[in-house]
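In case you want the letters, here they are:
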Amino acid sequence: MQAFPDAAGLHWRGITPPLSLSDYKVIAFDMDSTLIAIETLDEMADLMGKKAEVAALTEAAMRGEITDYKQSLRERVALLAGMPQAGLDEVYEQRLRLNPGVETLIAACKAAGLFCLLVTGGFTCFTDRLRVRLGLDDVRANVLEIEGGRLTGLLLPQPWGDLCDGEEKRRKLLEVCTALGVGPEQAIAVGDGANDLPMLRTAGLSVAYHAKPAVRQQAKVAIDTGGLDQLLRLFAAK
């Protein structure tokens, strides 16, 4: 991979900067450890005294060591059965932090006319707020079942399918491209884990942010240190 002499942690291959941001029409982001600095599911588990168990499963899934992502996600969510709904607010308000450079990158993308999409195996209780906070155009995420003010440990099926995994991220990205009348080569995809690989392989520009080795090895761009706004260094200033 190549790098600017003065831009530690930013590397690329198969592209020739400076690129033009306006040549792209869509940017799709993963949420956990990409847009935000935490794994929300792990932090929810921490409130239940189960963080070590759940975090180990999350890490294995993100490294690509668990082939059935859907089953892994269901197993982790099942461990949260009985968690008070108020815990979701606690995670968002006290633990969730945006990664550095998120707002700068999204502002630049919106100014260039890109459609900003969030696709995640995470949950609508967080993505609904982030959509408003960041001015995102669309979201695909999972829905936690809640009864009597507590999580049941189940995910609710939605009109588009049972849950959002790597293949659904890819499908949603293609759906948005089709709706906008553009090809996937005009899309940017940003992620960190193995379940982001299907959409990264589909997009014209794939970006691995502080990513697992398997993801970094396949992406065109790797941001290893610094914030998400490092990506803007690859684009010509207006």
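Scroll up to find the structure.
Scope of this entry: the structure provided in the associated data block. (Residues numbered from 1 in each chain as written. Predicted model: local features only at pLDDT ≥ 70, side-chain atom pairs only at ≥ 80, totals over all residues. Heavy atoms only, no water.)

As a volume, the largest pocket reaches approximately 190 Å³. Lining the largest pocket are 13 residues; nearest its centre among them are I66, T67, Y69, A194 and N195. Those elements giving two or more residues to the lining of the largest pocket turn out to be α3 (69-78) and α8 (197-202). For the lining of the largest pocket, the per-class residue count stands at 6 nonpolar, 4 polar and 3 charged. (1 Å grid on protein atoms, 1.4 Å probe; cavity = no way out; pocket = protein on both sides within 12 Å on 5 of 7 lines; lining within 4 Å. Points joined across faces, edges and corners; volume = space filled by probe spheres on them. Helix = DSSP H or I, 4+ residues; strand = E, 2+ residues; numbered from the N terminus. Nonpolar A, V, L, I, M, F, W, Y, C, P; charged D, E, K, R; others polar.)

Here we take up the sheet that holds strand β5 (residues 150-156). Spatially, β1-β8-β7-β6-β2-β3-β4-β5 is the arrangement adopted by the 8 strands of the open sheet, whose pairing is mixed. Each edge of the open sheet is held by one strand with a lone partner, namely β1 (10-12) and β5. When strand polarity is set aside, the average angle formed by the axes of neighbouring strands in this sheet is 20 degrees. Bridge count between strand β7 (residues 205-209) and strand β8 (residues 221-223): 3 bridges; the pairing is parallel. The residue bridging Y209 from the neighbouring strand is I223, located in β8. (Pairing = 2+ DSSP bridges. Axes fitted to C-alpha atoms, helices over the stretch in contact; angles between N-to-C directions.)

With that out of the way, let us pick up empty space enclosed by the protein. Tallied over the entire structure, the rule returns 1 cavity of 30 Å³ or more. Size it by volume and the largest cavity reaches roughly 140 Å³. D32, E39, Y69, G121 and G122 are, among the 17 residues lining the largest cavity, the residues nearest its centre. Mapped onto the lining of the largest cavity, the elements with two or more residues apiece are α1 (40-47), α2 (51-62), α3 and β3 (115-123). No other element matches β3, which puts 4 residues into the lining of the largest cavity. Here the residues of the lining of the largest cavity sort into 5 nonpolar, 6 polar and 6 charged.

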